[in-house]
Amino acid sequence: MSASPATTQATAPPSPAPHDARTRILDAAEAIVRARGVAHLTLEAAAREAGVSKGGLLYHFASKEALITGLLGRMAEFMRQDFEAMVASQPEGPGRVARTMLAWAFEMAPEAINERCDRAAAVFLAAFHHDPALLDPIRAVIAQMRRTLATDGLAPGVGGIVMAAGDGLFMARIFGLYTPTKQERDDMHAALSRLLVAPPCG
């Protein structure tokens, strides 16, 4: 008895996994805040931008606060992973963490630095506008960085200067306070680099 010929059945493409929809929603919310400001971030606008239904958005984020919390959690995890990877890429020894912070602030391509700053600014300002307490995940990551910096083997205050310089440039950009020239950035980078070759404490 011969076998029946095999039949090929067309199958519909799989539906996007839940995390894909969640990522699209977070990306959409971030894009709205960056382009139009936090006042324009609504659940309806985020759903429309992400190409999902309002019910689909509510499945992942039941409120605007939950949506902003999701943005903060994602940003905090990105910061933690990026920082740890950059520390691991630096040579071991005193100043390893401070060198990472210097690279974070000065040694990436300018467009990459600006993109990262603008993304962080959008998320931070959205959270601060809604409820400053939502920034706690970011505060926790920064606190861990500071603890790591405190054991970096440099003289007291040196690592803090490097971190404060990077923070200052970030704040200047997100609030439009000033824009240093390339020469000014190069001079700051060189001055901070000289600090990191000073003899370690102890």
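This text goes with the structure placed above it.
As a starting point, this report considers the structure included with it. (Residues numbered from 1 in each chain as written. Predicted model: local features only at pLDDT ≥ 70, side-chain atom pairs only at ≥ 80, totals over all residues. Heavy atoms only, no water.)

**Section: helix α8 (residues 158-174)**
- Between the first and last C-alpha of α8 there are 25 Å, a value that for 17 residues agrees with the 24 Å anticipated at 1.5 Å per step.
- Buried within α8 we find Val-158, Gly-159, Val-162, Met-163, Gly-166, Leu-169, Phe-170, Ala-172 and Ile-174.
- The elements touched by buried residues of α8 are α5 (96-107), α6 (110-130), α7 (136-150) and α9 (182-195).
- Looking one or two places after α8, you find Gly-176, whose phi comes out positive at around 65°. (Helix = DSSP H or I, 4+ residues; strand = E, 2+ residues; numbered from the N terminus. Expected span 1.5 Å × (residues − 1). Buried < 20%, exposed > 50% of the residue type's maximum accessible area, 1.4 Å probe, protein only. Contact = heavy atoms within 4.5 Å.)

**Quick word on the packing of aromatic side chains**
- Inspection of the entire model under this criterion finds two aromatic pairs.
- On the basis of an interplanar angle of 50° and a centroid distance of 5.7 Å, the ring pair of Phe-83 and Trp-104 is categorised as tilted. Taken together, the positions of Phe-83 in helix α4 (residues 64-89) and Trp-104 in helix α5 put the pair 21 residues apart, joining distant regions of the chain.
- Ring geometry for Phe-124 against Phe-170: centres 5.8 Å apart, planes inclined by 75°, an arrangement best described as edge-to-face. Remark: Phe-170 occurs in helix α8 and Phe-124 occurs in helix α6; sequence separation between them is 46 residues. The exposure classification of Phe-124 matches that of Phe-170, with both residues buried. (Phe/Tyr/Trp six-rings, centres within 6.5 Å; stacked < 30°, edge-to-face > 60°.)

**A few points about the environment of Ala-165**
- Mapped onto the elements of the fold, Ala-165 is located in helix α8.
- Distance in space between the C-alpha atoms of Ala-165 and Ala-105 is 8.2 Å, their sequence separation being 60 residues.

**What to know about the side chain of Gln-90**
- Turning to its location among the elements, Gln-90 is positioned in the loop between α4 and α5.
- Polar contacts involving the side chain of Gln-90 include one to the side chain of Arg-99, which spans 3.5 Å.
- If near-sequence neighbours (up to four positions away) are discounted, Gln-90 is found in contact with Arg-96, Arg-99, Thr-100 and Ala-103. (Polar contact = N/O pair within 3.5 Å; in protein donor to acceptor, adjacent residues only side chain to side chain.)

**Looking at the nonpolar core**
- Leu-41, Leu-57, Leu-67, Met-101, Phe-124, Ile-138 and Met-145 are the most contacted members of the largest nonpolar core, which has 58 residues in total.
- Put simply, the parts of the chain that give this core at least two residues each are α1 (18-36), α2 (43-50), α4, α5, α6, α7 and α8.
- The biggest single contributor to this core is α4, with 10 residues.
- When near neighbours in sequence (up to four residues on either side) are disregarded, Leu-67 contacts Ile-25, Leu-26, Ala-29, Leu-41, Leu-43, Ala-46 and Phe-61. (Core = buried A, V, L, I, M, F, W, Y, C linked by side-chain atoms within 4.5 Å.)

**Topic: the layout of surface pockets**
- If you add up the space inside the largest pocket, you get close to 1,200 Å³.
- In this structure, the largest pocket is lined by 41 residues; those nearest its centre are Cys-117, Gly-166, Asp-167, Leu-169 and Phe-170.
- When residues of the lining of the largest pocket are traced back to their parent elements, those giving at least two are α4, α5, α6, α7, α8 and α9.
- With 10 residues, α8 is the largest single contributor of residues to the lining of the largest pocket.
- Looking at the lining of the largest pocket, its residues break down into 29 nonpolar, five polar and seven charged.
- Estimates place the volume of the second largest pocket at around 180 Å³.
- What lines the second largest pocket is a set of 14 residues, and nearest its centre among them are Leu-149, Ala-150, Gly-157, Gly-159 and Gly-160. (1 Å grid on protein atoms, 1.4 Å probe; cavity = no way out; pocket = protein on both sides within 12 Å on 5 of 7 lines; lining within 4 Å. Points joined across faces, edges and corners; volume = space filled by probe spheres on them. Nonpolar A, V, L, I, M, F, W, Y, C, P; charged D, E, K, R; others polar.)

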